[in-house]
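Coordinates in review
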Amino acid sequence: MSNFVHVKEAVLITPAEPTPAHNLQLSALDSQLFVRFTFEYLLVYKPSHGLDKFSVIENVKACLRRVLVPYYPLAGRVRARADGLGLEVVCRAQGAVFLEALSDSTVSELEKCPRNCAQWRKLLSFQVADVLKGSPPLVVQLTWLSDGGATLAVGFNHSLCDGIGSGEFLNSFSELATGRRGLGQLKPKPAWSRHLLCPTVFGTAQSNILSHPEFGIVPDLCGFASRYIQETLVPTSVTFDKRKLSELKKLAAFTSELNEFPCTSFEVLSAHVWRSWARALNLPPNQILKLVFSVNIRKRVKPSLPTGYYGNAFVLGCAQTFARDLTERGLGYATELVKRAKERVDDEYVREVVESVSSSRASVDSVGVMILTQWSRLGLENVDFGMGKPVQVEPVCCDKYCILLPDADQTDAVKVNVAVPTGCVDQYLHYLRSTCTS
């Protein structure tokens with residue numbers, strides 16, 4: 001299977017109308033060390049008969065110019081503030097990058113799990129190595145496939161927006177591209193308001209690192225960090241439909257130590273993935289393990305953030321336990337840990353995180369940690385630029401970070417995408433697919 005990609009055009013896309021020229025301060029959550037990277041979506045589209053490719057390209061570029069008017073910071077450049085207290089975006093309509101490319105790959109190839117983590121890297125050819133060195137915060141590549149299909153790959157500077165914000169941007173672009181709404185009719189209207197998540201405005205709290213295990217460092221008893229460096233990581237992708245999710249909930253309830261145990265699909269599935277991963281890695285019983293996942297805080301803080309807030313509006317929930325307990329005490333136990341980690345996130349918790357990342361540059365260590373993020377509820381499966389809705393949504397590159405993805409064919413299904421060390425991939429897939437054992 002070859003993966004030839006030829007870039008036909010690479011251009012800067014600037015806003016269609018004049019936009020404010022000023023510097024905008026990013027929030028404490030935007031300025032965190034662990035969001036200073038580009039996250040990248042890959043959307044796959046089936047062939048559309050009679051399609052005028054030139055018209056599609058011109059429409060995509062025109063609609064990107066239009067949507068960059070209300071979202072003009074995405075056409076700016078992110079840099080460190082002179083006072084060293086965070087980041088800012090310099091807004092001078094510098095532009096986003098758009099690329100058009102050709103590939104000899106097909107839709108059917110892209111619907112399969114990639115053979116290696118970087119197999120589809122060239123479908124977003126402009127790779128940003130350092131988001132603070134004058135790079136564009138938004139990169140879009142439309143690639144025509146050999147069977148008439150296409151991919152739309154989009155990279156966002158995470159310092160400027162989170163998953164929900166990027167999903168709102170892409171759906172606004174989609175509505176413009178398909179003519180469903182005009183520029184003045186976009187919903188939600190983007191809201192900046194980053195000052196609301198800075199300590200001087202949001203308020204401070206006495207930070208207690210013991211109450212925030214996501215920022216703690218645990219002993220590496222098994223060469224955990226080196227294993228992820230020395231072993232090749234193998235991409236995996238497993239779909240859980242409504243029936244399988246129901247089976248997991250029943251199993252969690254059966255193995256729970258509580259009398260009543262309502263849980264969400266996210267809680268039970270993330271617990272099941274975490275346990276499967278831990279069991280496959282065969283870690284020492286006393287190795288401390290963490291499941292770290294993003295929790296949307298838009299409605300958890302007081303007052304709530306405004307509708308359309310597209311900055312980083314999440315903090316990290318953290319479930320923590322010993323490897324022995326995680327692997328032996330059953331799915332119900334692990335699900336309880338995830339559930340409690342979510343429930344801990346309230347207004348005070350968020351204030352503590354804002355204070356921690358502002359004063360001490362607290363960040364997440366990698367030892368014993370599985371990081372999980374949810375893309376299945378961002379609306380990515382609805383992004384239509386003129387070729388219908390995507391038949392596949394995935395990251396450009398599969399990584400050790402676990403991503404929950406939507407399934408284009410099944411509304412209630414969730415696809416689990418993560419790369420694991422080659423020595424344990426078979427065991428991991430065995431445990432993950434076994435939804436009838438604890």
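Above: the structure in question.
Described below are features of the structure shown in this document. Only a predicted model underlies this, so the values are computations on that prediction, with no experimental measurement involved.

Turning our eyes to something else, we now look at the overall build of the protein chain. Across its full length, the protein chain holds 11 helices and 15 strands. For 438 residues, the compact-globule estimate of 2.2 N^0.38 gives 22 Å, and the C-alpha radius of gyration of the protein chain, at 22 Å, lies within 12% of that figure. For the protein chain, the C-alpha atoms occupy an extent of roughly 60 × 55 × 40 Å along the three principal directions. Here the protein chain holds 438 residues, and the buried ones make up 57% of them. In the protein chain, of all internal contacts separated by at least 6 residues, the share reaching a separation of at least 24 is 80%. For the protein chain, the accessible surface area stands at approximately 18,100 Å², while carbon and sulfur atoms represent 51% of it. The protein chain carries 47 positive and 43 negative side-chain charges, and their two centres are separated by 2 Å.

Below, the discussion takes up the sheet that holds strand β5 (residues 87-91). Strand order in the open sheet formed by three strands is β2-β5-β4, and the pairing between neighbours is antiparallel. Of all strands in the sheet, those bounded by a partner on one side alone are β2 (22-25) and β4 (77-80). Put simply, the sheet's adjacent strands are angled 30° from each other on average, direction ignored. Pairing of β2 with β5 involves four bridges; the strand directions are antiparallel. Each bridged residue has a counterpart across the sheet, and for Leu24 the counterpart in β5 is Val89.

Looking now at the nonpolar core. Core analysis: the biggest nonpolar cluster contains 71 residues, and Leu269, Trp274, Trp277, Ile297 and Tyr428 have the highest contact counts within it. By residue number, the principal contributor to this core is helix α7 (residues 265-281), which donates 10 residues. For Leu269, the contacting residues outside a window of four places in its chain are Phe240, Leu245, Leu248, Leu404, Val414 and Val416. In terms of nonpolar packing, the next biggest core, distinct from the first, is built from 51 residues, Leu87, Val154, Tyr310 and Trp375 among them.

In this section: the sheet that holds strand β11 (residues 314-322). Strand order in the open sheet formed by six strands is β9-β15-β14-β12-β10-β11, and the pairing between neighbours is mixed. Looking at strand neighbours, the two that pair on one side only are β9 (233-240) and β11, the edges of this open sheet. If you compare each strand with its neighbour and ignore which way they point, the axes differ by 25° on average.

A separate point is the packing of α7 against helix α9 (residues 330-343). For any two helices packed against each other, the geometry comes down to the angle between their axes and how far apart the axes lie. In the contact formed by α7 and α9, the axes pass within 8 Å of each other and the chain directions differ by 120°. With respect to α9, the axis of α7 lies oblique. As α7 packs across α9, the resulting crossing turns out to be right-handed. Here α7 contributes Phe266, Glu267, Val268, Ser270, Ala271, His272, Trp274 and Arg275 to the contact with α9, which in turn contributes Gly330, Leu331, Ala334, Thr335, Leu337, Val338, Lys339 and Lys342. Residues of the contact of α7 with α9, tallied by class, amount to eight nonpolar, four polar and four charged.

Turning next to unusual backbone geometry. In this model, Lys187 is joined to Pro188 through a cis peptide bond whose omega is -5°. With respect to the helices and strands, the residue Pro188 is situated in the loop between α3 (163-178) and α4 (199-202). Residue Pro303 is reached from Lys302 by a cis peptide bond, and omega for that bond is -5°. Locating Pro303 in the fold gives a position in the loop between β10 (288-296) and β11.

Time to look at the layout of surface pockets. Within this model, the second largest pocket holds a volume of roughly 410 Å³. Ser31, Leu85, Gly86, Val357 and Ser358 are the residues nearest the centre of the second largest pocket, which is lined by 21 residues in total. Listed by contribution, the elements that provide at least two residues to the lining of the second largest pocket are α4 and α10 (347-359). Its residues placed into classes, the lining of the second largest pocket shows 10 nonpolar, eight polar and three charged.

By secondary structure assignment, the location of Asp241 is in the loop between β9 and α6 (242-255). The side chain of Asp241 is buried and forms no salt bridge, while Arg243, the nearest opposite charge, is found at 4.6 Å. A distance of 3.2 Å separates a polar side-chain atom of Asp241 from the backbone nitrogen of Arg243. When residues no more than four places from it in sequence are discounted, the contact partners of Asp241 are Gln410 and Ala413.

Let us look at the environment of Gly317. Within the secondary structure layout, Gly317 lies in strand β11. The sequence separation of Gly317 and Lys290 amounts to 27 residues, and the corresponding C-alpha distance is 9.9 Å.

Between α7 and helix α11 (residues 425-433), the shortest axis-to-axis distance is 8 Å and the interhelical angle comes to 145°. α11 is crossed by α7, and the crossing has right-handed handedness. Within the contact between the two elements, α7 uses His272, Val273, Ser276, Trp277, Arg279 and Ala280 and α11 uses Gln427, Tyr428, Tyr431 and Leu432. Looking at the contact of α7 with α11 residue by residue, the class counts come to six nonpolar, three polar and one charged.

Each value, and the rule that gives it
Residues numbered from 1 in each chain as written. Predicted model: local features only at pLDDT ≥ 70, side-chain atom pairs only at ≥ 80, totals over all residues. Heavy atoms only, no water. Helix = DSSP H or I, 4+ residues; strand = E, 2+ residues; numbered from the N terminus. Rg over C-alpha atoms; globule rule 2.2 N^0.38 Å. Buried < 20%, exposed > 50% of the residue type's maximum accessible area, 1.4 Å probe, protein only. Contact = heavy atoms within 4.5 Å. Areas by Shrake-Rupley, 256 points an atom, 1.4 Å probe, with all protein chains shown as cover. Lys, Arg positive; Asp, Glu negative; His and termini not counted. Charge placed at Lys NZ, Arg CZ, Asp CG, Glu CD. Pairing = 2+ DSSP bridges. Axes fitted to C-alpha atoms, helices over the stretch in contact; angles between N-to-C directions. Core = buried A, V, L, I, M, F, W, Y, C linked by side-chain atoms within 4.5 Å. Parallel < 35°, antiparallel > 145°, perpendicular 65-115°, else oblique. Left-handed = near helix turned anticlockwise from the far one by under 90°. Nonpolar A, V, L, I, M, F, W, Y, C, P; charged D, E, K, R; others polar. 1 Å grid on protein atoms, 1.4 Å probe; cavity = no way out; pocket = protein on both sides within 12 Å on 5 of 7 lines; lining within 4 Å. Points joined across faces, edges and corners; volume = space filled by probe spheres on them. Salt bridge = Lys/Arg side-chain N within 4 Å of Asp/Glu carboxyl O. Polar contact = N/O pair within 3.5 Å; in protein donor to acceptor, adjacent residues only side chain to side chain.

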